[in-house]
Amino acid sequence: LKGHCKRGERCAFRHWLVEGEERKVEKQQEEAKQVREAEFDACDPHHGSKQAKAKTNRVFSAWLVETYGRELLNSGEGVLDVG
């Protein structure tokens, strides 16, 4: 039957929402999600997951080594990455 769990009362998940405050919270969460999605800019390097930022850091590190060489980068003069 649609809307009923086969496990019945043994089910560990909730299949309903309580009226009132819980519905208000659900609506606020959905609105916040819509705002985040509307503001998302794929070209902005500051948006995204930690994995995406880690990839950006690896690409930047590889570029530094390719451009300046490991010897110069390890010479003690340092590199400043302001992000």
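Structural data are supplied above this passage.
Values in this document were obtained by computation on a predicted structure and should not be read as measured data.

A full pass over the atoms with the stated rule returns two aromatic pairs. Relative to Trp63, the ring of Phe60 lies with its centre 6.1 Å away and its plane at 20°, an arrangement referred to as stacked. You can see Phe60 and its partner Trp63 sitting in helix α2 (residues 50-68), three residues apart, about one turn around the helix. In this structure Phe60 comes out as partly exposed when scored by relative accessible area, which is 30%. Measuring from ring centre to ring centre gives 6.0 Å for Trp63 and Tyr68, while their planes differ by 90°; the resulting arrangement is edge-to-face. Judged by relative accessible area, Trp63 falls into the partly exposed class, the value being 42%. Owing to a relative accessible area of 43%, Tyr68 belongs among the partly exposed residues under this scheme. One aromatic cluster is present, formed by Phe60, Trp63 and Tyr68 through successive ring pairs.

How each quantity is defined
The residue numbering used here restarts from 1 in each chain and proceeds along that chain's sequence as written. Predicted model: local features are reported for residues with pLDDT of at least 70 only, side-chain atom pairs are reported and counted for 80 or more only, and whole-chain, interface and lining totals are derived from all residues. Each side-chain value is derived from all of the structure's non-hydrogen atoms; neither hydrogens nor water enter the calculation. A pair of Phe, Tyr and Trp rings is counted when the ring centres sit within 6.5 Å of each other, with Trp represented by its six-membered ring. The angle between the planes then sorts it: under 30 degrees is stacked, over 60 is edge-to-face, the rest tilted. Only DSSP runs of H or I with at least four residues qualify as helices, and only runs of E with at least two residues qualify as strands; both kinds are numbered from the N terminus onward. Only protein chains enter the calculation, and the probe is 1.4 Å; a residue is then buried if its accessible area is under 20% of its type maximum, exposed if over 50%, and partly exposed in between.

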